[in-house]
Amino acid sequence: MSRIPGKLLSGLGLASVIMGSTLSGPAFAADKISLFKVITSKDEIVIGLTDADLAQVDGQNAGGIAKMLVAKGSMSVWQYAVHKSASGDLEQAPLHKVGLIASDSLRVEPYPTPLKVLPIDESKK
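To continue, consider unusual backbone geometry. Leave glycine aside and you will find that most residues have negative phi; peptide bonds, for their part, are mostly trans. One non-glycine residue, Gln 60, lies in positive phi territory at about 50°. Following the sequence through the fold, Gln 60 ends up in the loop between helix 2 (51–55) and helix 3 (62–72). For Gln 60, a relative accessible area of 48% corresponds to the partly exposed category.

Attention now moves to the side chain of Ser 34. Mapped onto the fold, Ser 34 is located in strand 1 (residues 33–39). Beyond its immediate chain neighbours, meaning those up to four positions away, Ser 34 contacts Ile 47, Gly 48, Leu 49, Asp 51 and Leu 54.

The next subject is the environment of Val 38. Within the secondary structure, Val 38 sits in strand 1. A C-alpha to C-alpha distance of 9.2 Å links Val 38 and Ala 62, two positions 24 residues apart in sequence.

Our focus in this paragraph is the pairing of strand 3 (residues 74–84). Here 3 bridges tie strand 2 (residues 44–50) to strand 3, and the two strands are oriented antiparallel to one another. Bridge assignment links Gly 48 to a residue of strand 3, and that residue is Trp 78. Where strand 3 and strand 4 (residues 90–101) come together, 11 bridges link them in antiparallel fashion. Each residue of the ladder has a partner; that of Tyr 80, found in strand 4, is Pro 94.

By the definition in use, this model includes 3 salt bridges. Note that Arg 107 and Glu 109 form a salt bridge whose closest N and O atoms lie 3.0 Å from each other. Classification of Arg 107 as partly exposed rests on a relative accessible area of 47%. Judged by relative accessible area, which is 26%, Glu 109 ranks as partly exposed.

Let us look at the confidence of the model for the protein. Here the protein averages 78 in pLDDT, while 73% of its residues score no lower than 70. Predicted confidence for residues 1–29 stays below pLDDT 50, and this span has 0 contacts to residues more than four positions away or in other chains.

Turning to helix 3, a few remarks are in order. For helix 3, every residue scored as buried is listed here: Ala 62, Gly 64, Ile 65, Met 68 and Leu 69. Buried residues along helix 3 cover an arc of 160° about the axis, so they all sit on one side. In helix 3, the exposed positions angled more than 90 degrees off the buried face are occupied by Lys 67, Val 70 and Ala 71. In this structure, the buried side of helix 3 is in contact with strand 1, strand 2, helix 2, strand 3, strand 4 and strand 5 (107–110). The opening residue of helix 3 is Asn 61, an N-cap whose side-chain oxygen sits 3.2 Å from the backbone nitrogen of Gly 63. At the exit of helix 3 stands Gly 73, carrying a positive phi of roughly 90°.

Here we come to the sheet that holds strand 1. The 6 strands lie next to each other as 5-1-2-3-4-6, forming an open sheet whose pairing is mixed. What marks the edges here is a single partner per strand, and that holds for strand 5 and strand 6 (116–117). Bridge analysis of strand 4 against strand 6 gives 2 bridges, and the strand direction is parallel. The residue of strand 6 that forms the bridge with Gln 92 is Val 117.

Criteria and thresholds
Each chain carries its own residue numbering, running from 1 in the direction its sequence is written. Restriction of local features to residues with pLDDT of at least 70 applies here, the model being predicted, together with a cutoff of 80 or more for giving and counting side-chain atom pairs; totals for whole chains, interfaces and linings are based on all residues. Just so you know, side-chain values use all the structure's heavy atoms and leave hydrogens and water out. Counting from the N terminus, the helices are the DSSP runs of H or I reaching at least four residues and the strands are the DSSP runs of E reaching at least two. When accessible area is computed with a 1.4 Å probe and restricted to protein chains, residues below 20% of their type maximum are described as buried, those above 50% as exposed, and intermediate ones as partly exposed. Between two residues, a contact is recorded if the distance between any of their heavy atoms is within 4.5 Å. DSSP-based pairing: two strands are paired if at least 2 bridges between them are found. Any Lys or Arg side-chain nitrogen found within 4 Å of a carboxyl oxygen on Asp or Glu counts as a salt bridge. One confidence number per residue, pLDDT, is output by the predictor and ranges from 0 to 100. What the arc measures is the spread of directions leading from the helix axis to the C-beta atoms. Any N or O atom pair separated by 3.5 Å or less is treated as a polar contact, with the protein-specific requirement of one donor-capable and one acceptor-capable atom, and with residues adjacent in sequence counted only for side-chain atom pairs.

Written as structure tokens, this is what we have:
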């Protein structure tokens, strides 16, 4: 009878270690990414900003991004696009860094997505 509680205890210990590592994993992940759609008279793209980048924007919203772009004249951001993960799931992933230039016919709006949004890998600059 003493063997069952020992196995149960070690099984519970292993389960708690596994659960703890999966639950605490996102806490150590990179900044959360906020997606925005940038629309001009010719086209539109989806961009992603980290929480750190967004903290530098007045109001931390689409209006603040538009103001910052007009004030600076241009800014460098990551373009995001939908792609398939190795498991076949669709997700929003950083495509490449692009330059935005202020324009009279520009609109910036939040871009909600039901897909998983991957963090920016700064080593791919």
